[in-house]
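Geometric and topological summary
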Amino acid sequence: MFGFLIALLSGALMSIQGVFNTQVTKSSTIWVANAFVQFTALLVCLGAWLFTDRTSFGVLFKVQPRYMLLGGAIGAFITYTVIKAMEMLGPAKAAMLIVIAQLIVAYVIELFGMFGVEKQPMEMRKLAGMGIAIVGIIIFKWT
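Let us look at the structure shown here. All chains use their own residue numbering, which begins from 1 and follows the written sequence. The predicted origin of the model limits local features to residues at a pLDDT of at least 70 and limits the giving and counting of side-chain atom pairs to 80 or more, whereas totals for whole chains, interfaces and linings rest on all residues. Side-chain measures were taken over the full set of non-hydrogen atoms in the model, leaving aside hydrogen atoms and water.

With respect to the pattern of salt bridges
To keep things clear, this is the line we draw: Any Lys or Arg side-chain nitrogen found within 4 Å of a carboxyl oxygen on Asp or Glu counts as a salt bridge. Only DSSP runs of H or I covering at least 4 residues are called helices, and only runs of E covering at least 2 are called strands; the numbering of each starts at the N terminus. Residue exposure (1.4 Å probe, protein chains only): buried if accessible area is under 20% of the type maximum, exposed if over 50%, otherwise partly exposed.
Under the defined criterion, the tally for this structure stands at three salt bridges. The salt bridge partner of glutamate 87 is lysine 84, with a shortest N-O separation of 3.2 Å. Of this pair, glutamate 87 and lysine 84 both sit in helix H3 (residues 71-89), separated by three residues, roughly a single helical turn. Using a relative accessible area of 46% as the deciding quantity, one classes glutamate 87 as partly exposed. A relative accessible area of 27% places lysine 84 in the partly exposed class. Taking the shortest distance from any N to any O, the salt bridge between arginine 125 and glutamate 123 comes out at 3.0 Å. Exposure remark for arginine 125: the relative accessible area of 61% places this residue in the exposed category. Connected through shared salt-bridge partners, Glu123, Arg125 and Lys126 make up one network.

So this is what it looks like as structure tokens:
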């Protein structure tokens, strides 16, 4: 149940952050806003690390495969694409398309057991759920 609540909070925070970041780009540029977002995230993470963990950063050099360390770089492009999507489509449409893209990609990762994730069998109910979500987006877009 706690994981469910955390996921809901994550979705809500992503939508709020997307709106905030889009507004910041109106006073700057998208890359300045993105750099500020990533920098402030770094400061928050370093603060949390100082008060909670203090594990050596050296453990990062043990991560295998090495491409798994690209999460931060991907994060910069996530911030960029969320800002552009919200700017061009508005928060609700952008969030819906972002969520359906996340769902589809996550399901493909599970189906093929990519990136070290345990392979899962294809289930018709999950495919039907994604189909219903896509139909919902279409209805939302044209109403």
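Some details on unusual backbone geometry
Across the junction of glutamine 64 and proline 65, the peptide omega takes the value -10°, indicating a cis bond. Of note, proline 65 is situated in the loop between helix H2 (30-52) and H3. Backbone geometry places phenylalanine 115, a non-glycine residue, at a positive phi of 60°. Looking at the secondary structure, you find phenylalanine 115 in the loop between helix H4 (91-112) and helix H5 (124-141).

Some points on H2
Residue pairs three or four apart in sequence face the same way in an α-helix, which turns once every 3.6 residues. Inclusion rule: Multiplying 1.5 Å by the helix residue count minus one yields the expected span of that helix. The contact criterion used throughout is that any non-hydrogen atoms of two residues lie within 4.5 Å.
Between its first and last C-alpha, H2 extends 32 Å over 23 residues, near the 33 Å set by a 1.5 Å rise per residue. Residues of H2 that are buried include every one of Ile30, Ala33, Asn34 and Val37, and no others. The elements touched by buried residues of H2 are helix H1 (2-25) and H3. Following H2 by one or two positions, arginine 54 adopts a phi angle in the positive range, close to 60°.

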